[in-house]
Protein chains: 2
Amino acid sequence: MAEMITVRAEVLRDYCSAIFAESIPEEEARIVSDNLVEADLLGFYSHGVCKVADYLKRFEDGLIEGKTNTEVITETATTAVLDAKNGWGQVASIEAMNMAVEKAVTYGTGFVGVRNSNHFGITSYYTKLAAEKGCIGFATTNASSLMVPFGSKTPSLGTNPISFAIPVGPGHAPVVVDMSTGNTARGKITHAYKTGTAIPKDWAITKDGRETTDPKEALDGYLLPMGPKGSGLAMVVDILSGVLTGSLFGSQVPRMYEDPVPQQIGHFFGAINIEAFMPLESFYESMQERVRQTIESEPMAGFERVYMPGQIEEEKKQHQLENGIELPIEIIQELEEVGKKYGLKLFEYQ
Amino acid sequence: MAEMITVRAEVLRDYCSAIFAESIPEEEARIVSDNLVEADLLGFYSHGVCKVADYLKRFEDGLIEGKTNTEVITETATTAVLDAKNGWGQVASIEAMNMAVEKAVTYGTGFVGVRNSNHFGITSYYTKLAAEKGCIGFATTNASSLMVPFGSKTPSLGTNPISFAIPVGPGHAPVVVDMSTGNTARGKITHAYKTGTAIPKDWAITKDGRETTDPKEALDGYLLPMGPKGSGLAMVVDILSGVLTGSLFGSQVPRMYEDPVPQQIGHFFGAINIEAFMPLESFYESMQERVRQTIESEPMAGFERVYMPGQIEEEKKQHQLENGIELPIEIIQELEEVGKKYGLKLFEYQ
C-alpha cells in the first residue's frame with residue numbers, strides 16, 4: 001500500500017494553477033488546473049494532477065502552444081468546427097462546448113468539433129457544462145493509437161471515451177456516463193507490472209497479437225477494446241472526433257508519451273436543449289422518478305447499494321471536497337519537483 | 001441442428017406484406033414487412049419475420065392501432081416530438097428519422113423523438129436511412145423492462161439498443177454499430193433452456209437476485225447489463241427515448257409478451273449533416289482510409305479477418321440476397337399458419 005497524502009482541493013488547484021501560469025496565460029492555467037483537480041476529486045486519478053508533469057514536458061518540448069488561439073473553421077446554425085491550433089485541449093474544449101450549448105439554446109441542438117487539439121482531461125468535465133444549462137451533454141475524443149479494433153493485432157484506436165450528462169433538477173447531481181471504450185486503462189496494467197500480478201487475459205495482447213496475462217508483455221503490446229461493442233463505439237468516437245473534425249484519426253494519432261510530435265487529436269461536443277422537447281419542470285420530475293426507480297431498488301447479491309451512473313464519483317467528490325484529496329506520496333513529490341523549478345512550494349499553499 | 005428452409009428475400013417480403021395488409025394499410029404493411037425481412041437478411045433473426053405472429057397477436061388483441069396517425073406534439077428548427085398514438089413503431093420511426101434528416105440538411109442537425117410507440121424492429125434500419133442522405137445517423141429505443149441496472153435485482157431497463165450509421169461513400173457500405181446494452185439477448189437463454197445447456201453467469205440473475213448458470217432460473221429472472229458501462233448506456237437510452245419524449249420509461253415499460261397493454265415505448269432519432277462540418281468528398285476520402293486501416297490490418301491470433309462494424313452483417317445480407325434467407329423450419333411453419341387464416345400460402349409467392 002502506497003503512503004497517501006491528503007491535500008485540500010483548493011490548495012492543489014491554486015498550486016497547479018501557479019505552476020501552469022509560469023508558462024501559459026493565467027486564465028488558461030486556471031482552466032487546466034481545475035480540470036485536473038476535478039478528475040482527482042471524482043476519483044479518476046489517472047486523469048488528475050499526475051498529468052501536470054506530463055503536460056509541462058510536452059509544453060517544454062515545444063509540442064503544445066503557449067497560448068490557445070482557436071479559430072472557427074466552419075459554422076452553421078447548429079454546428080461548428082474549431083481549430084485549436086495545437087493549443088490546450090481543456091481551453092479549446094470549454095469554448096467548443098459553450099458554443100454547442102449556445103446553439104442548442106437558440107436552435108434546439110448544437111454540435112461542435114475541435115481539430116488539432118491536445119489531451120483534454122476527463123470527458124464528463126464538458127458534458128456537465130451542458131447539463132448545468134438545461135441541456136443533455138455529449139462529448140467524445142480520440143486518443144493515442146494504443147488499442148486494437150476487435151480481432152486485429154494492429155492498433156488503430158485509442159481508448160476513445162464517451163460521456164453523456166443529463167440534468168436531474170436544481171439540487172440534484174446530474175446523471176453522468178463517462179466511459180472508456182477499452183477493457184481497461186493502461187495505468188492498471190502498469191500497476192500490475194509494478195506489483196508483480198497477472199492481468200486478466202481480456203485486457204491486452206502481445207506485440208505479435210497473442211493473448212497474455214503477463215503485464216510486461218501487455219505493456220509492450222496493445223490494449224483490447226470492450227469486445228466487439230466497445231470496438232464499434234471506439235470506431236464511432238474516432239470518426240466523430242477525428243474524421244469529422246479534420247483531425248488525425250485512427251493509426252495516424254501519435255502516442256502522448258513516446259512520440260515527440262503534436263498530438264493533433266480531435267474532440268466532438270454536443271448539446272441537446274431539453275426545453276425544445278418538453279418543459280424543463282416535467283423533465284426534471286420524470287428524471288427524479290427515474291433516479292428513484294434505480295437507487296431505491298434492492299441490490300442484487302454481493303452489492304450494498306444501487307447507484308445511478310456517476311453517483312459514486314459524485315459522492316467521492318463531495319467527500320474529498322470536505323476532507324481533502326488523498327493522493328499517493330509519489331504524485332505529491334513529483335508535483336513538488338515541478339514547482340521547485342519555479343520557486344513554488346506546495347506547503348505554502350496549505 | 002434445426003432443419004433449415006431457404007426462402008428468397010422478396011418472396012418473404014411480399015408474403016409477410018400480404019399478411020399485414022389484411023389488417024393495416026398496404027403502405028404500412030410494406031414498411032413493417034421490409035423492416036423484419038431486413039433483420040433476417042442481416043442475420044438478426046430475433047428481430048426478423050419470427051415477429052410477424054407476435055405483432056399480429058398484439059394487433060388482434062387490440063393493443064396496436066390499425067393505422068399509424070402520428071401527430072407532431074412539439075417542434076423547433078432542429079427538434080420535434082412525434083406522438084405515434086399507439087401506431088406501428090416502424091411507420092412512426094421512418095417518419096421521425098426522415099424529419100430528423102430534413103432538419104439536418106437545412107440546419108446542420110436534427111433530433112426527433114417518438115412517444116407512445118410500439119416495437120420498431122432493428123435499430124440500424126433507421127440510422128442507415130440517415131447515412132444514405134449524407135448524414136451520421138443515431139437511434140435508440142427503450143424496451144420491455146427485463147434488465148436490471150448494474151448491482152440491482154429489480155428490472156427497470158430494457159436491453160435498450162443504440163445504433164450509429166456513418167456513410168463511407170458511393171458504392172461502399174456504411175459503418176454501422178447496432179448494439180444491445182445487455183450482455184445477451186433473452187432469445188439465447190431460451191435457446192440454452194431448450195438445448196439443456198448451462199449459461200455464462202454474467203447473462204442473467206434469478207428472480208431473487210442471485211447469479212445463475214441455469215437457463216430456467218434465468219428465464220424466470222432478469223437480464224444483466226453489459227457491466228456498469230452497458231448499464232449506464234442503457235440508462236441514457238431510456239432517458240433519451242422514454243423520458244425526453246414523454247413516453248413510459250424504466251420500470252413503467254410493460255413487457256411485450258406478458259403484459260396485455262399498449263407498450264407506449266419511445267424512440268429517439270438523430271441526424272448530423274456531414275456537409276455542415278466538411279465537404280462530403282473529403283469526409284468519404286478519410287472514411288475510406290479509416291476502413292483500410294482496419295480491414296487491411298493483420299488479425300490477432302484466433303481471427304481470420306478484421307471487420308469494420310456492420311461489415312459481417314452486410315456480407316451476410318449480400319449472401320442471403322443472392323442465395324435466399326435460411327430460416328428454421330419452425331419459423332416458416334409458424335408463418336404459414338398465420339397466412340392460412342387469410343388464405344395466403346407462402347409457396348404461391350415462390
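What you see is a predicted model; the values in this text were computed from it and never measured. (Residues numbered from 1 in each chain as written. Chains lettered and ligands numbered in written order. Predicted model: local features only at pLDDT ≥ 70, side-chain atom pairs only at ≥ 80, totals over all residues. Heavy atoms only, no water.)

Remarks on the interface of chain A and chain B
Note the threshold: Here, two residues are considered to be in contact whenever any of their heavy atoms come within 4.5 Å of each other. Summed over both partners, the accessible area lost on bringing two parts together, with a 1.4 Å probe, is the buried area. Any Lys or Arg side-chain nitrogen found within 4 Å of a carboxyl oxygen on Asp or Glu counts as a salt bridge. N or O atoms within 3.5 Å of each other form a polar contact, as long as, within protein, one can give a hydrogen and the other can take it, and as long as residues adjacent in sequence are counted only when both atoms are side-chain atoms. Helix numbering and strand numbering both begin at the N terminus, where a helix is a DSSP run of H or I of at least 4 residues and a strand a DSSP run of E of at least 2. Residue polarity is assigned by list, with Asp, Glu, Lys and Arg as charged and Ala, Val, Leu, Ile, Met, Phe, Trp, Tyr, Cys and Pro as nonpolar; anything else, Gly included, falls into the polar class.
With 72 residues of chain A at the contact, the number on the chain B side is 72 residues. Between chain A and chain B, the buried area comes to about 5900 Å², and carbon and sulfur atoms account for 74% of it. Where chain A meets chain B, there are 4 salt bridges. Close ionic contact of Lys 153 of chain B with Glu 298 of chain A constitutes a salt bridge, the shortest N to O distance being 3.5 Å. Scanning the region where chain A abuts chain B turns up 23 residue pairs in polar contact (both at pLDDT 80 or more). Only strand 3 (79–83), strand 4 (109–117), strand 6 (162–166), strand 7 (175–179), helix 8 (227–243), strand 10 (265–273) and helix 9 (280–295) of chain A provide two or more residues apiece to the side of chain A that touches chain B. Ranked by the residues each element gives to the side of chain A that touches chain B, the list is headed by helix 8 of chain A, at 9 residues. Each residue belonging to the side of chain A that touches chain B can be placed in one class, and the counts come to 40 nonpolar, 24 polar and 8 charged.

So, the pattern of salt bridges
Within this structure, the stated rule accounts for 38 salt bridges over all chains. Across the pair Lys 340 of chain A and Glu 337 of chain A runs a salt bridge, and its minimum N-O distance is 3.3 Å. In this pair, Lys 340 of chain A and Glu 337 of chain A are both assigned in helix 11 (residues 329–340), 3 residues apart and thus about one turn of the helix distant. Salt-bridge contacts for Arg 210 of chain B lead to Asp 208 of chain B; the nearest nitrogen and oxygen are separated by 3.5 Å.

Quick look at the domain arrangement of chain A
All names here are of chain A. Note the threshold: Delimitation of the domains relies on an automatic or database domain assignment.
By domain assignment, chain A separates into domain 1 (1–61 + 313–350), domain 2 (68–182 + 225–296) and domain 3 (194–224). Here domain 2 and domain 3 have C-alpha centroids that lie 29 Å from each other. Contacts between domain 2 and domain 3 engage 10 residues on the former and 6 residues on the latter. For the pair domain 2 and domain 3, the two sides together bury roughly 620 Å², of which 68% comes from carbon and sulfur. Considering only the side of domain 2, the residues that lose the most area to domain 3 are Leu 146, Val 148 and Lys 153, jointly responsible for 59% of the buried surface there. Put simply, domain 2 and domain 3 have 0 salt bridges between them. Applying the counting rule to domain 2 against domain 3 returns 2 residue pairs in polar contact (both at pLDDT 80 or more). Its residues assigned to classes, the side of domain 2 that touches domain 3 comprises 6 nonpolar, 3 polar and 1 charged.

Some thoughts on unusual backbone geometry
How we decide: Exposure is judged per residue with a 1.4 Å probe applied to protein chains only, and the accessible area is read against the type maximum: over 50% gives exposed, under 20% gives buried, and values in between give partly exposed.
Of note, Asn 86 of chain A is a non-glycine position whose phi angle comes to about 60°, a positive value. As for its placement among the helices and strands, Asn 86 of chain A is situated in the loop between strand 3 and helix 4 (89–107). The residue Asn 116 of chain B is not glycine, and still its phi comes out positive at about 50°. For Asn 116 of chain B, the position within the fold is in strand 4 (residues 109–117). According to the relative accessible area criterion, Asn 116 of chain B is buried, its value standing at 19%.

Some remarks on the sheet that holds strand 5 (residues 135–141) of chain A
All names here are of chain A. For clarity, the threshold we go by: A pair of strands counts as paired when DSSP detects no fewer than two bridges linking them. Under this scheme, a helix contributes an axis fitted over its contacting stretch, all axes are lines through C-alpha atoms, and angles between N-to-C directions fall in the 0 to 180 degree range.
Across the sheet, which stays open at both edges, the 7 strands sit in the order 2-3-4-10-5-6-7 with mixed pairing between neighbours. Both outer strands of the open sheet, strand 2 (71–75) and strand 7, are each paired with one neighbouring strand and no more. The mean inter-strand angle of the sheet, taken between neighbouring strand axes irrespective of direction, is 15°. Across the face of the sheet, helix 8 comes into contact with strand 4, strand 5, strand 6, strand 7 and strand 10 while running at roughly 95° to strand 5.

Overview of the relation of the copies chain A and chain B
Defined as follows: Least squares is used to superpose the copies, and the fit set is the C-alpha atoms of residues whose pLDDT is at least 70 in both copies.
Of the transformation superimposing chain A on chain B, the axial component is 0.0 Å and the angular component is 180°, with the fit at an RMSD of 0.0 Å. In short, the pair behaves as if placed about a two-fold rotation axis. Across chain A, the smallest distance between a C-alpha and the rotation axis is recorded for Thr 109 of chain A, namely 3.5 Å. Most of the interface of chain A is mirrored in chain B, where 100% of its interface residues again form contacts.

Brief notes about the packing of aromatic side chains
How we decide: Planes of paired rings set the category: under 30 degrees apart is stacked, over 60 is edge-to-face and the rest tilted, where pairs are Phe, Tyr or Trp rings (Trp by its six-membered ring) whose centres lie within 6.5 Å.
Taken as a whole, this structure holds 29 aromatic pairs over all chains when the rule is applied. An angle of 70° between the planes, with centres 5.5 Å apart, marks the rings of Tyr 126 of chain A and Phe 269 of chain A as edge-to-face. Of this pair, Tyr 126 of chain A sits in helix 5 (residues 124–132) while Phe 269 of chain A sits in strand 10, and the two are 143 residues apart along the sequence. Look at Phe 269 of chain A and you get buried, because its relative accessible area is 0%. Note on Phe 268 of chain A and Phe 277 of chain B: the rings are 5.8 Å apart at their centroids and 45° apart in plane angle, and the pair reads as tilted. Of the two residues, Phe 268 of chain A sits in strand 10 while Phe 277 of chain B sits in the loop between strand 10 (265–273) and helix 9 (280–295), which places them in two different chains. The two residues Phe 268 of chain A and Phe 277 of chain B agree in class, both being buried.

A short note on helix 2 (residues 26–42) of chain A
Residues and elements named next belong to chain A. We count it as follows: Multiplying 1.5 Å by the helix residue count minus one yields the expected span of that helix.
Over its 17 residues, helix 2 runs 24 Å from end to end, which matches the ideal 24 Å to within 8%, given 1.5 Å per residue. A large share of helix 2 lies buried, amounting to 13 of its 17 residues. Within two residues after helix 2, Gly 43 carries a phi angle of roughly 95°, on the positive side.

Points about helix 3 (residues 52–60) of chain A
Residues and elements named next belong to chain A. Note the threshold: The directions considered for the arc run from the helix axis to the C-beta atoms.
Listed as buried for helix 3 are Val 52, Tyr 55, Leu 56, Arg 58 and Phe 59. Buried residues along helix 3 cover an arc of 160° about the axis, so they all sit on one side. The positive-phi residue at the C-terminal boundary of helix 3 is Gly 62, with phi of around 75°.

Brief notes about the environment of Thr 140 of chain A
Residues and elements named next belong to chain A. Note on placement: Thr 140 falls in strand 5. For Thr 140, a relative accessible area of 0% gives the class buried. With 95 residues separating them in the primary sequence, Thr 140 and Met 235 have C-alpha atoms 11 Å apart. Apart from the residues lying within four places of it in its own chain, the contact partners of Thr 140 are Phe 120, Thr 123, Pro 161, Ile 162, Val 237, Leu 240, Ser 241, His 267 and Phe 268. Among the polar contacts listed, one links the side chain of Thr 140 to the side chain of Ser 241, at a separation of 2.8 Å.

What to know about the sheet that holds strand 2 (residues 71–75) of chain B
Backbone-to-backbone hydrogen bonds pair the strands of a sheet. The strands run either parallel or antiparallel. All names here are of chain B. With mixed pairing, the 7 strands of this open sheet are ordered in space as 2-3-4-10-5-6-7. The sheet is open, and its two edges are formed by strand 2 and strand 7 (175–179), each paired on a single side. Direction aside, neighbouring strands of the sheet carry axes that sit 15° apart on average. Pairing analysis gives 4 bridges linking strand 2 to strand 3 (residues 79–83), with the strands arranged antiparallel.

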